[in-house]
Amino acid sequence: MKGKFIVLEGPDRCGKSTQAKLLAKFLQEQGKDVLLTREPGGTPTAEEIRSVVLNPDLKVRPMAELLLYEASRAQHTQERILPALEEGKIVICERYTMSTCAYQGYGRGIDLNQIQTLNHIATLGLVPDVTLVFLMSDKYFVERGEYLFSDRLEKEDVSFRQKMRQGYLELLKMTPNAHLINADQSVEEVQAGVQQWLHHHKIF
Ligand SMILES: Nc1ncnc2c1ncn2[C@@H]1O[C@H](COP(=O)(O)OP(=O)(O)OP(=O)(O)O)[C@@H](O)[C@H]1O
Ligand SMILES: [Mg+2]
C-alpha cells in the first residue's frame, strides 16, 4: 500500500475529532494529500448505518450493534480507505477496529475472537500503520461534553466508561503499532505530542 493509515482511537469525548482535524490541517500545510474520515460512517451508505446505530430512540441488541458497525466498516474501508491508500494518501480515520473490540467486546461482553474475525472480514485484513489511543481521566467527560448532543452510547454510565478505559488499556498491549496518548493535556499539547510521535516513527 502506497499511503499511510493513521487511526485515532479512544472513548467518547477524549478529543479524537479535535486532534484529527488539527493533524489533517498540519499535514495539508506540509503539502500532503490527506483523507480525513470517520467511523461509523465515511460514505453515504455507512453514514445511514451510523444514524441507526447511534440513534438514542432505538433499541439495538449487542450482536445487531456489532454487525451494524461491521457493515459500516466494510462499506467505508472498501469504498474510501483502500482506494485512498492506493493513491498514496495519508488516511486519518477516527475510530476503526479497536473501537469495536473496546465497545462491543469489553463493553458489551461479546467474545473478542468473534469480533476480531468480523473485523478481519470487514476490512479485508487492512490494519492501521499506527493507532493512536487517546485516554483521559473520567472527570473531564462531563466538563468536555456539557453542551454536546448525547448519542445512545454516550448515555452509558460511569462503570461502562471504566470498563471501556480498561479495555483500551488491554487492547493497547495486544495491538501492534498502537500508542497511548495522554488526553488530559491541553489541545495544543496533545497535538504537539501526536505530531512528534508520528514524525519520530517516520509516518510522514
Ligand atoms: N485537550 C482538550 N482539552 C479540553 N477540551 C478538549 C480537549 N480536546 C477536546 N476538547 C473538547 O472536548 C469536547 C470533545 O472533543 P472531541 O469532539 O474532539 O472528542 P471526540 O473524541 O471526537 O468525541 P466523540 O467520541 O464523541 O466523537 C469538545 O467540545 C472539544 O472542544
Ligand atoms: Mg468525534
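Use the structure listed above.
The shown structure was predicted, so the numbers you read here are calculated from the model rather than taken from an experiment. (Residues numbered from 1 in each chain as written. Chains lettered and ligands numbered in written order. Predicted model: local features only at pLDDT ≥ 70, side-chain atom pairs only at ≥ 80, totals over all residues. Heavy atoms only, no water.)

We now examine the pattern of salt bridges. Enumeration over the complete set of coordinates arrives at eight salt bridges. A salt bridge links glutamate 70 to arginine 73; the shortest N-O distance between them is 3.1 Å. Of this pair, glutamate 70 and arginine 73 both sit in helix α3 (residues 62-86), three residues apart, which is roughly one turn of that helix. For the pair glutamate 70 and arginine 73, a shared accessibility class is recorded, and that class is buried. (Salt bridge = Lys/Arg side-chain N within 4 Å of Asp/Glu carboxyl O. Helix = DSSP H or I, 4+ residues; strand = E, 2+ residues; numbered from the N terminus. Buried < 20%, exposed > 50% of the residue type's maximum accessible area, 1.4 Å probe, protein only.)

Time to look at the side chain of threonine 97. If you trace the backbone, threonine 97 turns up in helix α4 (residues 97-107). What threonine 97 contacts, discounting residues up to four positions off in sequence, is Glu9, Arg73, Asn119 and Thr123. (Contact = heavy atoms within 4.5 Å.)

For the rest of this paragraph, the subject is the packing of aromatic side chains. Scanning the model with the defined rule gives three aromatic pairs in all. Ring centres of phenylalanine 5 and tyrosine 96 lie 4.9 Å apart, and the angle between their planes is 80 degrees; on these two criteria the pair is classed as edge-to-face. Taken together, the positions of phenylalanine 5 in strand β1 (residues 4-9) and tyrosine 96 in the loop between β3 (90-94) and α4 put the pair 91 residues apart, joining distant regions of the chain. Accessibility classification places phenylalanine 5 together with tyrosine 96 in one group, the buried group. Ring centres 6.3 Å apart and planes at 55 degrees place the aromatic pair tyrosine 103 and phenylalanine 160 in the tilted group. In this pair, tyrosine 103 is assigned in helix α4 and phenylalanine 160 in helix α7 (residues 158-174), connecting sequence segments 57 residues apart. The exposure class of tyrosine 103 is buried, given its relative accessible area of 6%. The buried category is assigned to phenylalanine 160, whose relative accessible area is 6%. Taking the ring centre of tyrosine 96 as reference, the NZ or CZ of arginine 73 above it sits at 5.7 Å. (Phe/Tyr/Trp six-rings, centres within 6.5 Å; stacked < 30°, edge-to-face > 60°. Lys NZ or Arg CZ within 6 Å of the ring centre and 35° of its normal.)

Below, the discussion takes up the nonpolar core. Core analysis: the largest hydrophobic core is formed by 23 residues, its most contacted members being Ile6, Ile92, Leu132, Phe134, Val194 and Leu198. If you list the elements that add at least two residues to this core, you get β1, α1 (16-29), β3, β4 (130-135), α6 (139-143) and α8 (187-200). Excluding its chain neighbours within four sequence positions, the residues that come into contact with isoleucine 6 are Leu23, Ile90, Val91, Ile92, Cys93, Val130, Leu132, Leu198 and Ile203. Within the second largest apolar cluster, 15 residues are counted, among which are Leu66, Ala102, Tyr103 and Ile110. (Core = buried A, V, L, I, M, F, W, Y, C linked by side-chain atoms within 4.5 Å.)

Compared with the 16 Å implied by 1.5 Å per residue over twelve residues, the 16 Å span of helix α5 (residues 112-123) between its first and last C-alpha is a close match. Looking at α5, one finds that the buried residues are Leu112, Ile115, Asn119, Ala122 and Thr123. For α5, the angular spread of buried residues about the axis comes to 90 degrees, placing them on one side. Opposite its buried face, α5 presents the exposed residues Asn113, His120 and Ile121, each directed more than 90 degrees away. Looking at the packing, one finds that the buried side of α5 touches α3, α4 and α7. Leucine 124 sits one or two residues past α5 and shows a positive phi near 55 degrees. (Expected span 1.5 Å × (residues − 1). Arc of directions from axis to C-beta.)

Contact geometry of α1 with α8 gives a least axis separation of 10 Å together with a crossing angle of 55 degrees. Relative to α8, the element α1 lies oblique. For α1 against α8, the interelement crossing comes out right-handed. Facing α1, whose interface residues are Thr18, Gln19, Leu22, Leu23 and Phe26, α8 presents Val187, Val190, Gln191, Val194, Gln195 and Leu198. A breakdown of the residues in the contact of α1 with α8 according to their chemical character gives seven nonpolar, four polar and no charged. (Axes fitted to C-alpha atoms, helices over the stretch in contact; angles between N-to-C directions. Parallel < 35°, antiparallel > 145°, perpendicular 65-115°, else oblique. Left-handed = near helix turned anticlockwise from the far one by under 90°. Nonpolar A, V, L, I, M, F, W, Y, C, P; charged D, E, K, R; others polar.)

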